[in-house]
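Structural features, examined
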Amino acid sequence: MVTAGRPPREPDGPLNPPIVLASTFHAGGPVGYGRYGNPTWEAFEAALGRLEEGRALAFASGMAAITAVLETVPIGALVAVTLHGYSGTLELFHHLDETGRIDLRQVDPTDVEAVRAALPGAQLLWVESPTNPLLEVVDLAAVTAAARAEGVRTVCDNTFATPLGQRPFDHGVDVVVHSATKHLSGHSDVLLGAVLTRDDAVFDAVLLQRSRRGSVPGAFEAWLALRGLRTLHLRVDRAQRSALELARRLREHPAVRRVRYPGLPEDRGHAVARRQMRGFGSLLSVELAGAAAADALSAATQLWVHTTSLGGVESTLERRRRWASESTQVPEGLVRLSVGCEAVEDLWDDLAAALDRLPS
Ligand SMILES: *Cc1c(COP(=O)(O)O)cnc(C)c1O
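Please read all numbers here as calculations on a predicted model, not as lab measurements. (Residues numbered from 1 in each chain as written. Predicted model: local features only at pLDDT ≥ 70, side-chain atom pairs only at ≥ 80, totals over all residues. Heavy atoms only, no water.)

Here's the deal with the overall build of the protein
Looking only at helices and strands, one finds twelve helices and twelve strands in the protein. Radius of gyration (C-alpha) of the protein: 21 Å, near the 21 Å computed for a compact globule of 360 residues. Considered along the principal axes of its C-alpha atoms, the protein spans approximately 70 × 55 × 35 Å. Residue burial in the protein is summarised as follows: out of 360 residues, 56% are buried. Total accessible area on the protein stands at roughly 15,200 Å², and carbon and sulfur atoms take up 52% of it. (Helix = DSSP H or I, 4+ residues; strand = E, 2+ residues; numbered from the N terminus. Rg over C-alpha atoms; globule rule 2.2 N^0.38 Å. Buried < 20%, exposed > 50% of the residue type's maximum accessible area, 1.4 Å probe, protein only. Areas by Shrake-Rupley, 256 points an atom, 1.4 Å probe, with all protein chains shown as cover.)

What follows is the structure in structure tokens.
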């Protein structure tokens, strides 16, 4: 990962790929025009492809990547979709269902029997693990086995775990999507998405969607994401060690009703996460008394930044239900924490001070 996507070694050649700003290329090659390809995207795709061990395509955002995969199914296709997950994805699925583009069937992804029952006639099974923001863990091997038996393709959003924390292809997943905006880029300055697959027909179909619809990334964004990817292992190691420590301390705090983190032995996703993941990720959620307490915590921290998004070097937090689009399955008092790379004691001191000041 530290070296993939670099130009060939040659005297005075640059170590890193240059940012190729070109809308058009001299005629005679396989690309020709900037909507069909770009050497800077390809460098990012080569590096990410090495990490997930699949063929990668970069997109303008995570949502653009998700849309491109969905556009490969016929009009009216039955799509079995996780009940829990990123609100933007679920909003899109509901919109596509309402307009007749797909036939949406929602299912609790942690209930393998319910997933099995939802599969007959479906074209895709769409899951996310761990889920945003409830941190539910899906048994990928179990749901993909059920999907295979029905001839259904499985798509997994691997944004939360990253390719270092979880390798969906090893568990039978056919297509992986990422919001590279988050951990892969890692510095809260890029919007980017990616689709990965080992199936050449799927790759070609998704590439066609990108080329036709023009949901292409900028060269600068791809370059920044590649630069971020070089330190992914360091950031993930640090952040997930801190996340586990913070989860352990938070569950002892009297203002905290529940900590959701698959790394805690009592968490309902722990057993599957131990089998399926390397580490437990850098996101956790805490449930406080209600919306007022959650808003007060978000407003009171000094080091933790009150903002949406996740996966950056800086630790961030937000009450998810402040968004009208968030699922009503998410408690009003739930605060999602994205742990960054600061010193864990500084993070704890700031959180503990803010929690201690909450009116009881
Ligand atoms: C943020 C996010 C997305 C959407 O990605 P964008 O880059 O914001 O378009 C998709 N899935 C998950 C799990 C996310 O957290």
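What to know about the side chain of H253
Tracing the backbone through its elements, the reader meets H253 in the loop between α9 (232–250) and β8 (258–260). Residue H253 is classed as buried on the basis of its relative accessible area, which comes to 11%. Within the structure, the side chain of H253 is placed 3.0 Å from the backbone nitrogen of A255, a separation counted as a polar contact. (Polar contact = N/O pair within 3.5 Å; in protein donor to acceptor, adjacent residues only side chain to side chain.)

Some details on the packing of aromatic side chains
A complete count under the given rule lists four aromatic pairs for this structure. Plain terms: the ring middles of Y33 and Y36 are 6.1 Å apart, the flat faces sit at 65 degrees to each other, and that makes the pair edge-to-face. Look at F220 and W223: their rings are 6.3 Å apart centre to centre, the planes differ by 15 degrees, and that puts the pair in the stacked class. Taken as a pair, F220 and W223 lie in helix α8 (residues 219–229) at a separation of three residues, close to a single helical turn. The partly exposed category is assigned to F220, whose relative accessible area is 43%. You can call W223 partly exposed: its relative accessible area is 22%. We note R55 situated over the ring of F203; from NZ or CZ to the ring centre the distance is 3.7 Å. Stacked on the ring of Y86, the Lys or Arg K182 has its end atom at 5.3 Å from the ring centre. (Phe/Tyr/Trp six-rings, centres within 6.5 Å; stacked < 30°, edge-to-face > 60°. Lys NZ or Arg CZ within 6 Å of the ring centre and 35° of its normal.)

What about the packing of helix α1 (residues 39–52) against α8?
In the contact formed by α1 and α8, the axes pass within 8 Å of each other and the chain directions differ by 30 degrees. α8 is crossed by α1, and the crossing has left-handed handedness. From α1, T40, W41, A43, F44, A47, L48 and L51 reach across to α8, where they touch A219, A222, W223, A225, L226 and L229. (Axes fitted to C-alpha atoms, helices over the stretch in contact; angles between N-to-C directions. Left-handed = near helix turned anticlockwise from the far one by under 90°. Contact = heavy atoms within 4.5 Å.)

Describing the packing of helix α2 (residues 62–70) against helix α3 (residues 87–98)
Running from amino to carboxyl end, α2 crosses α3 at an angle of 35 degrees, the nearest separation of the two axes being 11 Å. The chirality of how α2 crosses α3 is right-handed. Residues M63, I66, T67 and L70 of α2 lie in contact with α3, whose contacting residues are G88, T89, L92, F93 and L96. Across the contact of α2 with α3, the residue classes tally to six nonpolar, three polar and no charged. (Nonpolar A, V, L, I, M, F, W, Y, C, P; charged D, E, K, R; others polar.)

With respect to the pairing of strand β6 (residues 175–179)
Each regular strand shows side chains that alternate between the opposite faces of the sheet. Of all the five residues making up β6, five are buried; the element is thus mostly covered by neighbouring parts of the structure. Relative to strand β7 (residues 193–197), β6 runs antiparallel, the two being bridged by five bridges. The residue of β7 that forms the bridge with H178 is A194. (Pairing = 2+ DSSP bridges.)

Points about the pairing of strand β1 (residues 55–59)
Most of β1 sits out of view: four of its five residues are buried. As judged from the five bridges shared by β1 and β7, these two strands associate in the antiparallel manner. Its bridge partner lying in β7, A56 is registered against L196.

As for α1
Taking 1.5 Å per residue, 14 residues should reach 20 Å; α1 reaches 20 Å between its end C-alpha atoms and fits that length. Within α1, ten of the 14 residues are buried, leaving the element largely enclosed by the surrounding structure. Capping the start of α1, N38 holds a side-chain oxygen 2.6 Å from the backbone nitrogen of T40, two or three residues further along. (Expected span 1.5 Å × (residues − 1).)

Description of the sheet that holds β1
In spatial order, the strands read β1-β7-β6-β5-β4-β2-β3; together these seven strands make up an open sheet with mixed pairing. Only two strands of the sheet have a single partner each, and these edge strands are β1 and β3 (102–107). The mean inter-strand angle of the sheet, taken between neighbouring strand axes irrespective of direction, is 20 degrees. Of the strands in this sheet, β1, β5 (153–157), β6 and β7 touch helix α7 (residues 200–213), which is tilted by about 15 degrees from β1.

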